[in-house]
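# Structural overview for review
Okay, here's what each chain looks like letter by letter:
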Amino acid sequence: MVEPLYEITVKCTFCDKAFKTMKVRPSFKKASKTDADFCVHYKDINPDYYVVRICPFCGYAHSENFSDKWKPDQKQAFYTDVSQKWTMRDYCGERTREDALQSYKLALLSAQIKDEKARVIAGLLHHLAWLYRASGDWEQEKRFLAFALDAYVSVFETEGMDLNNARLMYLMGELNRRLGRFHEAVKWFSRIINDRKIMDAAMIRASREQWVIAREDMLAIRMELPEEMKQAT
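Anyway, here's the lowdown on the structure attached to this text. (Residues numbered from 1 in each chain as written. Predicted model: local features only at pLDDT ≥ 70, side-chain atom pairs only at ≥ 80, totals over all residues. Heavy atoms only, no water.)

### Concerning the pairing of strand β2 (residues 18-24)
Across 7 bridges, the pairing between strand β1 (residues 5-11) and β2 is antiparallel. Residue pairing in the sheet places Val-10 in a bridge with Phe-19 of β2. Counting the residues between successive antiparallel strands, the hairpin from β1 to β2 contains 6 residues, one of them, Asp-16, with a positive phi of roughly 70°. (Pairing = 2+ DSSP bridges. Helix = DSSP H or I, 4+ residues; strand = E, 2+ residues; numbered from the N terminus.)

Here it is in structure tokens:
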């Protein structure tokens, strides 16, 4: 019988030691639904649990999106802040949601020390929000969605011209909507709908749908406000 997990060998770019980690076979990646911010819910096993590779020898945690290069000051900072305090732990096995949360937080620490690109950090923060969503922890989900949104704004300001702008702008609209910042959400969705240079039909359609939802959310909240507050909005 084919197991959903298989082993791969990775060489750590910090300590140069080889270690084993697990991945999910493509045939076992079965989605049940996808949220509007691209969070995929899986039927059986969640491949997101195994995105982060953690070196058991030094504690360096990274994904495939990380750079392989280290600057001398980054190596020194990582040694001081993480590696020197690390006690050997093996994450090469089946992971629980708690293991996955820990792995993403370790990767986030590594990314910040290594000064990885804003889009890499944004992705880690967004995945942490998704893991909290799956456990129904709205307070922590909201916290990490706000962090992810800030990071996406940074991506847009620094790398926007080199990436799929429509998808990035859509994400900023959707995260604003989820955080209850409806005016900002409507602004981003409108930019996609009205920008004639954007040819991404799927993102234009999704932006129209979420624009309507954001407007409805905004009106619903306005209806609940006391009369004097309605006049102020």
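Here the narrative resumes.
### Quick notes on the packing of aromatic side chains
One pass over the full model with this rule turns up 11 aromatic pairs. The interplanar angle of 45° and the centroid separation of 5.5 Å between the aromatic rings of Phe-38 and Tyr-170 together place this pair among those described as tilted. Remark: Tyr-170 occurs in helix α5 (residues 165-178) and Phe-38 occurs in the loop between β3 (31-34) and β4 (40-42); sequence separation between them is 132 residues. The buried category is assigned to Tyr-170, whose relative accessible area is 3%. Consider the rings of Tyr-60 and Phe-78, whose centres lie 5.7 Å apart with planes at 90°: the pair is edge-to-face. Of this pair, Tyr-60 sits in the loop between β5 (53-54) and β6 (61-62) while Phe-78 sits in helix α1 (residues 72-81), and the two are 18 residues apart along the sequence. Neither Tyr-60 nor Phe-78 differs from the other in exposure class; each is buried. (Phe/Tyr/Trp six-rings, centres within 6.5 Å; stacked < 30°, edge-to-face > 60°. Buried < 20%, exposed > 50% of the residue type's maximum accessible area, 1.4 Å probe, protein only.)

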